[in-house]
Amino acid sequence: MRYLYLSAKEHHMAGIQPTPAEAWKRLKDGNRRFVEGSNEHPNQDTIRRTDLASGQFPFASIFGCGDSRLAAEIIFDLGLGDAFVVRTAGHVLENAALGSLEYAVDEFETPIVMVLGHDSCGAVTAASKSLESGEMPHGFIRNLVQHILPSVMSPKLPENPVVNDMVREHTRQTAIRIIEQSHIISDAVVEGKVAVIGVFYHLKEGKAELVFSSQDLTLPEEKNDAQNPPTQTLPVVVKTPPRVVVAENLD
Ligand SMILES: [Zn+2]
């Protein structure tokens, strides 16, 4: 894992990224430091800042809720140039967000794409209330709720679900939608270059809990480690929409 700590320029020159499992380990380790209050605040000095001016090579793409308590670089103890972060309220996936994630995977070959949900999410709560009352919110908040409703109505939810059950389901469904809707990302998932994961963040404890992964993220040295049970994975979704074929010479 020595290359995890190369400078951005060296990364570029070497053209290498960590594996998905190594990238998750780095995120997991950073979150553990955050939970324990032992943050290292890596890659936040002037050397790093100067180094990055000529280019970036982030090792993770993170698509999170816009909630102010969910700053990815802080909760995973990261620094400048480490994560390509996209955020919308309730991590609602629309074209610009999906295009941004595709850009990160295509341009920087980020080996991990994380959907980051959190407990007590206001956007998911709004969707749940709309379902109960039958009333939709005004303005473009309505648009957010419309995108979240399938998750709060999911048949996979437990009986009498609470908001946090819905957030877990919405996090999983968002991760699956990324794979289903993006050829660039689903191709990379099938090739094993990228893992798409879903993480549920606990606001009070600061802990990031893995709730979905497109592949096993256990490192070889963790295989027999009781502290690191194998990650729970779901079958990789390869059901992608038909590719757009550009017709030529139509006349
Ligand atoms: Zn939220």
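Chains are numbered independently. Their residues run from 1 in the order of the written sequence. Where totals are concerned, whole chains, interfaces and linings use all residues; where local detail is concerned, this predicted model gives features only for residues with pLDDT of at least 70, and gives and counts side-chain atom pairs only at 80 or more.

- An unreviewed UniProt entry lists the chain under the name Carbonic anhydrase, with Rothia mucilaginosa as the source organism.
- UniProt positions are given in the numbering used here, feature names are shortened, and annotations may be inferred rather than shown by experiment. Quoted straight from UniProt, the Sequence similarities (unreviewed entry) entry for the chain says "Belongs to the beta-class carbonic anhydrase family."
- Here is the UniProt Function (unreviewed entry) comment for the chain, exactly as written: "Catalyzes the reversible hydration of carbon dioxide to form bicarbonate."

## Some details on the sheet that holds strand β4 (residues 195–201)
In step 1: Across the sheet, which stays open at both edges, the five strands sit in the order β2-β1-β3-β4-β5 with mixed pairing between neighbours. Edge positions in the open sheet fall to β2 (83–88) and β5 (208–213), since each of these has one partner strand only. The mean angle between the axes of side-by-side strands here comes to 25°, regardless of whether they run parallel or antiparallel.
In step 2: Two strands pair under a simple rule: DSSP has to find at least two bridges between them. Helix numbers and strand numbers start at the N terminus; a helix is a DSSP run of H or I with at least 4 residues, a strand a run of E with at least 2. With five bridges joining them, β4 and β5 adopt antiparallel strand pairing. Bridge pairing in β5 links F200 to E209.
In step 3: In this description, a residue-residue contact is defined by the distance between C-beta atoms placed from the backbone, which must lie within 7 Å. Every angle, taken between N-to-C directions, lies between 0 and 180 degrees, and every axis is a line fitted to C-alpha atoms, over only the stretch in contact when it is a helix. With respect to the sheet, helix α5 (residues 95–108) is in contact with β1 (60–65), β2 and β3 (112–118), its orientation differing from that of β2 by roughly 170°.

## Points about the UniProt feature "binding site: Zn(2+)" (unreviewed entry) in the chain
In step 1: Here, the residues flagged by UniProt with the feature "binding site: Zn(2+)" (unreviewed entry) are C65, D67, H118 and C121. These annotated residues cover 57 residues of sequence, but their C-alpha atoms sit close together, with the largest distance between any two at 8.7 Å.
In step 2: Residue position: C65 is located in strand β1.
In step 3: Partly exposed residues are those whose C-beta has more than 12 but fewer than 20 other C-beta atoms within 10 Å; 20 or more makes a residue buried and 12 or fewer makes it exposed, with C-beta atoms placed from the backbone. Note on C65: 26 C-beta atoms within 10 Å, which makes it buried.
In step 4: Not counting residues within four places of it along the chain, the set of residues in contact with C65 comprises L70, R87, A89, G90, H91, L116, G117, H118, C121 and A123.
In step 5: With respect to the helices and strands, the residue D67 is situated in the loop between β1 and α4 (72–75).
In step 6: Discounting chain neighbours no more than four positions away, the residues touching D67 are H118 and C121.

## So, unusual backbone geometry
In step 1: Positive phi is not limited to glycine here, since H41 has a value of about 45°.
In step 2: Here H41 is to be found in the loop between α2 (20–36) and α3 (46–52).
In step 3: Owing to 12 C-beta atoms within 10 Å, H41 belongs among the exposed residues under this scheme.
In step 4: The phi torsion at N43 lies on the positive side, around 55°, for a residue other than glycine.
In step 5: Following the sequence through the fold, N43 ends up in the loop between α2 and α3.

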